[in-house]
Amino acid sequence: MAASTLSQSITDINLSLDKIIQQVKELEAETIQRKPSEEEWSIMQILCHIVEAVPYWLTEIETLLATPGVEWGRGLQDQARLAAVTNIENESVSNVLTEIVNLKEQVEKTLSKLNVEMLKQEAPSRNPRFGVKPLTFIVDHLLVEHVEKHYSQIQRNLTKFGLIK
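Residues numbered from 1 in each chain as written. Predicted model: local features only at pLDDT ≥ 70, side-chain atom pairs only at ≥ 80, totals over all residues. Heavy atoms only, no water.

### Some points on the pattern of salt bridges
Working step 1: With the rule as written, the count across this model stands at nine salt bridges.
Working step 2: A salt bridge links Lys 160 to Glu 40; the shortest N-O distance between them is 2.4 Å. A residue pair is termed long-range when its members are at least 10 positions apart, and Lys 160 in helix α7 (residues 135–160) and Glu 40 in the loop between α2 (29–33) and α3 (43–66) qualify at 120 residues.
Working step 3: For Lys 113, the salt bridge goes to Glu 62, with nearest N and O atoms at 2.8 Å. Here the residue Lys 113 occupies a position in the loop between α5 (93–111) and α6 (116–120), and Glu 62 occupies one in helix α3, the gap between them amounting to 51 residues.
Working step 4: One network of salt bridges, in which partners are shared, links Glu 60, Glu 71 and Arg 126. (Salt bridge = Lys/Arg side-chain N within 4 Å of Asp/Glu carboxyl O. Helix = DSSP H or I, 4+ residues; strand = E, 2+ residues; numbered from the N terminus.)

What follows is the structure, given as structure tokens:
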């Protein structure tokens with residue numbers, strides 16, 4: 001991943017965050033809290049997950065920079081990950097959106113420290129599904145694609161609610 005690609009990753013993450021903010025700002029609270037089904041997350045749960053997950057992966061990058069080769073990642077049953085989507089009753093939409101705006105600066109701060117050599121460094125994941133991956137994997141899949149997928153998830157919810165086609 002070249003420096004221009006790295007700056008593109010920052011741009012892509014921020015663009016996805018901006019799209020999420022713009023979409024959610026226009027929604028009613030009931031829509032944001034509503035779950036499309038028992039198995040699916042509400043938009044609020046998606047937002048709270050983003051607020052927890054992006055800093056988590058940025059911290060994992062910082063840890064790998066400080067200690068190259070150290071084991072990274074987590075599984076789907078990670079307690080902090082689960083708590084972020086279950087303990088939301090006291091969260092306000094405006095506060096969560098402010099936290100999402102603040103993520104953009106955190107993304108820029110952490111990812112701008114990286115260079116091509118750092119991005120090639122490999123380390124084993126705690127999640128056996130991933131195995132040993134270079135740092136680019138965290139940037140590309142667990143940040144860029146992850147945030148974009150959650151924007152799409154919000155769009156799917158709104159489609160199921162009949163609010164968009």
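### Topic: the packing of α3 against helix α4 (residues 79–86)
Working step 1: For the pair α3 and α4, the least separation of the axes is 7 Å and the interaxial angle reads 145°. Note on packing geometry: the crossing formed by α3 with α4 is right-handed. Of the residues in α4, those touching α3 at Gln 45, Cys 48, His 49 and Glu 52 are Ala 80, Arg 81, Ala 84 and Val 85.
Working step 2: When its residues are assigned to classes, the contact of α3 with α4 shows four nonpolar, two polar and two charged. (Axes fitted to C-alpha atoms, helices over the stretch in contact; angles between N-to-C directions. Left-handed = near helix turned anticlockwise from the far one by under 90°. Contact = heavy atoms within 4.5 Å. Nonpolar A, V, L, I, M, F, W, Y, C, P; charged D, E, K, R; others polar.)

### Topic: the packing of aromatic side chains
Working step 1: For the structure on display, the rule yields five aromatic pairs.
Working step 2: Plain terms: the ring middles of Trp 57 and Trp 72 are 6.1 Å apart, the flat faces sit at 70° to each other, and that makes the pair edge-to-face. Taken as a pair, Trp 57 in helix α3 and Trp 72 in the loop between α3 and α4 lie far apart in primary sequence, 15 residues in all. Each of the two residues, Trp 57 as well as Trp 72, counts as buried.
Working step 3: Measuring from centroid to centroid gives 6.1 Å for Trp 72 and Phe 137, while their planes differ by 50°, and the two rings are tilted. Taken as a pair, Trp 72 in the loop between α3 and α4 and Phe 137 in helix α7 lie far apart in primary sequence, 65 residues in all. (Phe/Tyr/Trp six-rings, centres within 6.5 Å; stacked < 30°, edge-to-face > 60°. Buried < 20%, exposed > 50% of the residue type's maximum accessible area, 1.4 Å probe, protein only.)

### Comments concerning the nonpolar core
Working step 1: In this structure, Ile 20, Val 24, Leu 47, Trp 72, Ile 100 and Leu 111 are the most contacted members of the largest nonpolar core, which totals 49 residues.
Working step 2: Those elements that place two or more of their residues in this core are α1 (3–25), α3, α5 and α7.
Working step 3: Among the elements that take part in this core, α3 stands out by supplying 14 residues, more than any other.
Working step 4: If near-sequence neighbours (up to four positions away) are discounted, Leu 47 is found in contact with Ile 20, Val 24, Val 96, Leu 97, Ile 100 and Ile 154. (Core = buried A, V, L, I, M, F, W, Y, C linked by side-chain atoms within 4.5 Å.)

### A short note on the environment of Tyr 56
Working step 1: Note that Tyr 56 resides in helix α3.
Working step 2: Separated by 87 residues in sequence, Tyr 56 and Leu 143 have C-alpha atoms that sit 10.0 Å apart.
Working step 3: In this structure, Tyr 56 is in contact with Gly 73, Arg 74 and Arg 126, ignoring residues within four places of it in sequence.

### Some thoughts on the side chain of Arg 74
Working step 1: In this structure, Arg 74 sits in the loop between α3 and α4.
Working step 2: One polar contact links Arg 74 to Glu 52, side chain to side chain, over a distance of 2.7 Å.
Working step 3: Here Arg 74 is in contact with Glu 52, Ala 53, Tyr 56, Trp 57, Arg 81 and Asn 127, once residues within four sequence places are set aside. (Polar contact = N/O pair within 3.5 Å; in protein donor to acceptor, adjacent residues only side chain to side chain.)

Honestly, it's all geometry; don't read function into it.
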